[in-house]
Structure formats: structure tokens, C-alpha cells
Amino acid sequence: MKMNFLSILLLLFFNGNAQRNDTLSSIKTHNKLSYKQFIAPAALITSGFLLKDTPLNINLQKDIRNTTGTNFKSNVDDFLLFTPIAQIYGGNYLGFKSKTEFKNQTLNITISNVITYGIVFSMKRTFKEERPDLSDNGSFPSGHTALAFTNASLLFYEYKDSNVWYANSGFLFASATGILRIANNKHYTSDVLTGAGIGLGVGLAVSYWNPFQSMSFGKKKTHAILFPQIGNQYGIGLLIRN
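The numbering scheme is per chain: residues are counted from 1 as the chain's sequence reads. The predicted origin of the model limits local features to residues at a pLDDT of at least 70 and limits the giving and counting of side-chain atom pairs to 80 or more, whereas totals for whole chains, interfaces and linings rest on all residues. To get the side-chain values, take all heavy atoms of the structure and skip hydrogens and water.

**Quick look at the packing of aromatic side chains**
Here is step 1: Centres within 6.5 Å make a pair out of two Phe, Tyr or Trp rings, where for Trp the six-membered ring is used; the pair is then stacked when the planes are under 30 degrees apart, edge-to-face when over 60, and tilted otherwise. Applying the stated criterion across every chain yields a total of 10 aromatic pairs.
Here is step 2: Measuring from ring centre to ring centre gives 4.8 Å for Tyr157 and Tyr208, while their planes differ by 90°; the resulting arrangement is edge-to-face. Placement of the pair is Tyr157 in helix α7 (residues 143-159) and Tyr208 in helix α9 (residues 189-209), with a sequence separation of 51 residues. Taken individually, Tyr157 and Tyr208 each receive the classification buried, so the pair is uniform in this respect. Helix and strand assignments follow DSSP, with helices taken as H or I runs no shorter than four residues and strands as E runs no shorter than two, numbered in order from the N terminus. With a 1.4 Å probe rolled over the protein chains alone, any residue whose accessible area is under 20% of its type maximum counts as buried; one over 50% counts as exposed, and the rest are partly exposed.

What follows is the structure, encoded as C-alpha cells:
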């Protein structure tokens, strides 16, 4: 079963990279949304739903927990999902040219995180699936993973034309977030796959839709940064600086 789990991860990783490479080549030419860009998100969401409530889902959970140790506990996943946001703002300082400027980056982060949070919260209330550790019934889908992949998608959009390695690096942190959620016994593999698909889809949609691109806060420059608050309770924080 351990080999089955590793095979699933490798297949998802290589398939996801192949889809992103195809997407990248088409985006550089047309720079607009196409159905091909949503193949990977749809595949992840579908995989999660198909795996949900199956013996394989339970067995994967046991194998991962046996691999990491049944007493494994880490709160790193509470912070990893924010890493792509830091990369979005910090990329220019590292010498990479972003696609948009600070205001538009902040708006995209705000809109996409709110949409993702809304979808995830609604699904949790609908399915009411109990977590593996029996702490509550908010297991499906994984909010941490969804937000991590949302932010990774935004990072990809911002830097895909200037440095593809930096642009894709957010997906490593997002994937690590999902794996840690399983290792912490907070989510099943199905929760993580569905969350990843939701986040990836929302991030891509908002990036190319680019809502409120021309929004202005007035003559005075105003910086606004939205950040998800995740812990015992879910929430959204907003930092505004004039």
C-alpha cells in the first residue's frame, strides 16, 4: 500500500506538471482562459470525490500515518499556505519581474482567497465529514490545501513569464501543506485532492479574469493585504495601510 500511495503522488505530480507546461505554452500565446487550464483542477476534484468514503481512502490514511508516525504533530502547515503570498510580494526584490503591480496583486489575493474560503466553507457545511482524528465534522475538503493551491496559482501567474522555476515553486509548498494535513491526521487524501483542485481552479480563474484591475483607492496610496486565519476557527483578516 505504501508503494500505491507513492505511485499516486508521483502520477499526480508529473501529470500536474505536464498540464501546467501545456497551459504555460498556450497562455504565452493568448494570455486568456481556456478549458485546457481547468483539466488539472477538474481531475483533482474528481479524484477526491471518487476516493471519498472508500476503503482505499482509509488505507491511505493508515499508511501515511504509519510512515510519519502515529504521534506525528506539526503546525508547519498553518504557515506554509502563506508562503506563496510572501513570494508574490517578494519576487521583484529577488530580481524577477511580476506580471502586475502591488495593488493588483493584493486585489487578486483578496478576491481569490475569499472565493476559495466561501466554496470550502459551504462544502464543509454540506458534507459534514468527520475528521480522521474525530475532532470535528469539517474534514471535506481541506481548507489549508485549497488556500495553499490558490496562492500558488497566483504566484504562477505573476512570474510564469519571467522565471518558470520561481513561478512553480509555490506548488511545492502547497503540496507539502496537503501532505502535512494528512500526516497530522486532520484530513484524508480525498479531502486534500479536492481542496487542491478547488484552489488551483479559483487561482487560475481569478488571475486571468483579473477582477477590479482598475480599482483605485483614491489619490492617497492605500495598501491592503488579506490573509486567511486558520486554526481552531476559520476566518479572514484584512490589513490596510495608508
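**Let's talk about the environment of Lys52**
Here is step 1: Along the chain, Lys52 turns up in the loop between α2 (39-51) and α3 (55-68).
Here is step 2: Along the chain, Lys52 and Thr194 lie 142 residues apart, while their C-alpha atoms are 9.6 Å from each other.
Here is step 3: With sequence-adjacent residues up to four places away left out, Lys52 is seen in contact with Asn57, Phe127, Glu129, Phe140 and Ser190. The contact criterion used throughout is that any non-hydrogen atoms of two residues lie within 4.5 Å.

**Some words on the pattern of salt bridges**
Here is step 1: A pair is scored as a salt bridge if a Lys or Arg side-chain nitrogen falls within 4 Å of a carboxyl oxygen belonging to Asp or Glu. Enumeration according to the criterion identifies 7 salt bridges in this entry.
Here is step 2: Asp133 is the salt-bridge partner of Lys186, the closest N and O atoms lying 2.9 Å from each other. Here Lys186 is found in the loop between α8 (164-183) and α9, whereas its partner Asp133 is found in the loop between α6 (102-127) and α7, with 53 residues between them in sequence.
Here is step 3: For Asp133, a relative accessible area of 28% puts it in the partly exposed group.

**Topic: the nonpolar core**
Here is step 1: Nonpolar cores are built from buried Ala, Val, Leu, Ile, Met, Phe, Trp, Tyr and Cys residues. Side-chain atoms within 4.5 Å join them into one set. With 28 residues, the main nonpolar core has Ile109, Tyr159, Phe171 and Leu200 as its most contacted residues.
Here is step 2: Considering each element in turn, this core owes the most residues, 9 residues, to α7.
Here is step 3: The next biggest cluster of nonpolar side chains, apart from the first, holds 5 residues, and it includes Met123, Phe140, Ile198 and Val202.

**Re the packing of α7 against α9**
Here is step 1: Direction vectors running N to C along α7 and α9 enclose 35°, while the axes themselves pass 7 Å from each other. In this structure, α7 meets α9 at a crossing whose hand is right-handed. Contacts between α7 and α9 pair Thr145, Ala146, Phe149, Thr150, Ser153, Leu154 and Tyr157 from the former with Val192, Gly195, Ala196, Gly199, Leu200, Val202, Gly203, Leu204, Ser207 and Tyr208 from the latter.
Here is step 2: Here the nonpolar group is Ala, Val, Leu, Ile, Met, Phe, Trp, Tyr, Cys and Pro; Asp, Glu, Lys and Arg are the charged ones; every other residue, Gly included, is treated as polar. Considered class by class, the residues forming the contact of α7 with α9 number 10 nonpolar, 7 polar and no charged. Note on geometry: axes are lines fitted to C-alpha atoms, helical ones only across the stretch in contact, with angles between N-to-C directions running from 0 to 180 degrees. A crossing counts as left-handed when the near helix is turned anticlockwise from the far one by less than a right angle, and as right-handed when that turn is clockwise.

**As for the confidence of the model for the protein chain**
Here is step 1: A residue-level look at the protein chain finds 73% of positions with pLDDT of 70 or above and a mean pLDDT of 83.
Here is step 2: What pLDDT reports is the predictor's confidence in each residue, on a scale of 0 through 100. Within the model, pLDDT remains below 50 along residues 216-224, and this stretch shows 19 contacts once partners closer than five positions in the same chain are excluded.
Here is step 3: Between residues 230-235, whose pLDDT stays under 50, and residues either more than four places distant or in other chains, the model counts 13 contacts.

**Quick look at the environment of Phe72**
Here is step 1: Following the sequence through the fold, Phe72 ends up in the loop between α3 and α4 (77-80).
Here is step 2: Separated by 108 residues in the primary sequence, Phe72 and Leu180 have C-alpha atoms spaced 9.6 Å apart.
Here is step 3: Setting aside residues up to four positions removed in sequence, Phe72 forms contacts with Arg65, Leu180, Ala183 and Asn184.

**What about unusual backbone geometry?**
Here is step 1: Cis geometry is found at the peptide bond from Phe140 to Pro141, where omega equals -5°.
Here is step 2: Looking at where Pro141 falls in the secondary structure, it is placed in the loop between α6 and α7.
Here is step 3: Non-glycine residue Asp53 carries a positive phi angle of around 60°.
Here is step 4: Examined against the element boundaries, Asp53 turns out to sit in the loop between α2 and α3.
Here is step 5: With a relative accessible area of 64%, Asp53 lands in the exposed category.

**Digging into a nonpolar patch on the surface**
Here is step 1: Taken together, the side chains of Ile115, Ile119 and Trp209 make up a nonpolar region of the molecular surface, amounting to roughly 290 Å² of accessible area.
Here is step 2: Along the chain, Trp209 falls in helix α9. Each patch is built from salt-bridge-free residues with over 30% relative accessible area, joining like charges within 9 Å and nonpolar side chains (Val, Leu, Ile, Met, Phe, Trp, Tyr) within 5 Å. To be clear on the numbers: accessible area is Shrake-Rupley with a 1.4 Å probe, and residue cover counts the displayed protein chains and nothing else.

**Section: the side chain of Thr100**
Here is step 1: The residue Thr100 is located in the loop between α5 (83-90) and α6 in this model.
Here is step 2: In this structure Thr100 touches Gln105, Tyr157 and Glu158, once residues within four positions along its chain are discounted.

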